Each structure stands twice: as C-alpha cells, then as structure tokens.
Amino acid sequence: MKKIRFHMIFAIAMVLITACSPKVIYESAAEPQIKPGDAIAAPSDEVILTVTGNISAKNNGDALELDMATLEKFGLVRYDVNDPWMGKNMTYTGILMSDFLKVVGASDTAENVLFTALDEYEVNLTIKELEQWPILLATQANGAYMTVSENGPTRIIFPFDDYADIDQILYKDLWIWNIKSIEVQ
C-alpha cells in the first residue's frame, strides 16, 4: 500500500512539475557576451536602437544606444513561427525580451515597455507580457539580417504557434517592426 501511494504521489508531482515548467520553444544561436551589470560601450557602427527610461545601462547621457553587433552580444536564440503578416512559416533569430530587459537594467519598478517604429507607430507591452512568453526582439529572418524595407532592422515576434494563451487576434497588431527606440516605463 505504501508503495502504491509513493508512486501515485510521485506521478502527481511529475505532472505538476511538467505543467509548471516554462515551455522552451527556441534554441540558442549565440551565447551572451554582454551580461546584466556589464558596461555597454558606445556604438562603433550605425545606431539601430536607442533605449531610454527606467534603465541602469547607459552609454550616451540618459540613453543606451546600440548598433547591431552590440545588440547581438546580448545573446541570440531562434525559433520558427507562422508569421501572420508574411503568411508563411519563418525562422526568426534575436534576443529574448526578458533577457534584453535584464541586460539594459530595467528597474524592478518598471511596468511597461514602449516600442516606437521609424514611422512613429507605437506599441506598449507590459513587462509581465514580455516575461510571460519568449517574445523575441528579432534581428534576423530566415538567417538573414532584415533591412528597413524587410521590416528591420529589429521587430517583435510572438510565439503564437506554441502558446495557446497568446490571443492571435489581439497580439497580431503588436508585431511592431522597424523599431527605432524602446522606452522602459
């Protein structure tokens, strides 16, 4: 009887552990070279992204300016997703937003992140959303860097295919591309 109870308790524990474990849908593409707390040098190439707001990492006054090479030193992952705007399956590579927020030193009191595109289109996502799912700040599509005419140099990607709790209708319009700035609020 004790043996049966042990096996039943063990089986229930395994189900709970599996259900509570974060779902990993991505693979590592490059290990991080810049980690939380590291100094981030001023860009040596074209600035593709400016980060402001409630952050501790700065390299130009109250802002953190990033070129592509520096941004990608935050560490890269890749995953496949059925892109609702492209109408086909794509492989995106970039930085997980949860990792990005750690490296830029987002304050514990920050609640939102405002993304602004080159055309001034804005998307506001909560920190909770950015940490709940593996949302990607993509720098590459299908292994190639994205030009401005190809929705680059960065864009937000939601893993619709792998998370049923992401409302595709609601989040489709939040796939912002041509991102020029991020403000941590």
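This structure is a prediction, so every number in the text was calculated from the model and none was measured. (Residues numbered from 1 in each chain as written. Predicted model: local features only at pLDDT ≥ 70, side-chain atom pairs only at ≥ 80, totals over all residues. Heavy atoms only, no water.)

We now examine the confidence of the model for the chain. In low-pLDDT regions, the fine details of the predicted coordinates are not to be read closely. Summary statistics for the chain give a mean pLDDT of 88 and a share of 85% for residues scoring 70 or more. This model gives residues 6-21 a pLDDT under 50, and the stretch forms zero contacts once residues within four places in sequence are excluded. (pLDDT = per-residue confidence, 0-100. Contact = heavy atoms within 4.5 Å.)

Turning next to the pattern of salt bridges. In the structure shown here, the tally under the stated rule is three salt bridges. Note that R78 is salt-bridged to E27, the shortest N-O span being 3.4 Å. Taken as a pair, R78 in strand 4 (residues 76-83) and E27 in strand 1 (residues 27-30) lie far apart in primary sequence, 51 residues in all. A residue is classified by how much of its surface remains accessible, and E27, at 46% relative accessible area, is partly exposed. The salt bridge involving E120 is made with K180; its shortest N-O contact spans 2.5 Å. One end of the pair, E120, is in the loop between strand 6 (112-117) and strand 7 (122-126); the other, K180, is in strand 11 (residues 179-184), with 60 residues separating them in the sequence. On the basis of relative accessibility, which here comes to 29%, the residue K180 falls in the partly exposed class. (Salt bridge = Lys/Arg side-chain N within 4 Å of Asp/Glu carboxyl O. Helix = DSSP H or I, 4+ residues; strand = E, 2+ residues; numbered from the N terminus. Buried < 20%, exposed > 50% of the residue type's maximum accessible area, 1.4 Å probe, protein only.)

As a further point, take the sheet that holds strand 6. What the five strands build is an open sheet, ordered 3-2-11-6-7; its pairing is mixed. Each edge of the open sheet carries a strand with a single partner, namely strand 3 (64-66) and strand 7. Averaged over neighbouring strand pairs, the angle between their axes works out to 20° when direction is ignored. Bridge count between strand 6 and strand 11: five bridges; the pairing is antiparallel. The partner of V113 across the bridge, within strand 11, is V184. (Pairing = 2+ DSSP bridges. Axes fitted to C-alpha atoms, helices over the stretch in contact; angles between N-to-C directions.)

Inspection of the secondary structure puts T116 in strand 6. Taking the relative accessible area as the measure of exposure, T116 reaches 7% and is therefore buried. If we ignore the near neighbours within four places in the chain, the residues touching T116 are Y121, E122, I176, N178, I179, K180 and S181.

Glancing now at the environment of E46. With respect to the helices and strands, E46 occurs in the loop between strand 1 and strand 2 (49-53). Owing to a relative accessible area of 60%, E46 belongs among the exposed residues under this scheme. For E46 and M68, which are 22 residues apart along the polypeptide, the C-alpha to C-alpha distance reads 7.9 Å. Those residues in contact with E46, other than ones at most four positions away along the chain, are L66, D67 and M68.

Core analysis: the largest hydrophobic core is formed by 54 residues, its most contacted members being L49, F74, F100 and F115. Apart from the residues lying within four places of it in its own chain, the contact partners of F100 are L49, V51, L66, L71, F74, I95, L137 and I182. (Core = buried A, V, L, I, M, F, W, Y, C linked by side-chain atoms within 4.5 Å.)

Right, let's talk about the packing of aromatic side chains for a bit. Two descriptors summarise a pair of aromatic rings, namely the distance from one centre to the other and the angle between the planes of the rings. Going through the model one piece at a time under the given rule, you end up with three aromatic pairs. Ring plane angle 40° and centroid distance 5.7 Å describe the contact between F74 and F100, whose orientation is recorded as tilted. Remark: F100 occurs in helix 3 (residues 97-103) and F74 occurs in the loop between helix 2 (68-72) and strand 4; sequence separation between them is 26 residues. Take F74: its relative accessible area is 3%, and that puts it in the buried class. A relative accessible area of 0% means that F100 is categorised as buried. (Phe/Tyr/Trp six-rings, centres within 6.5 Å; stacked < 30°, edge-to-face > 60°.)

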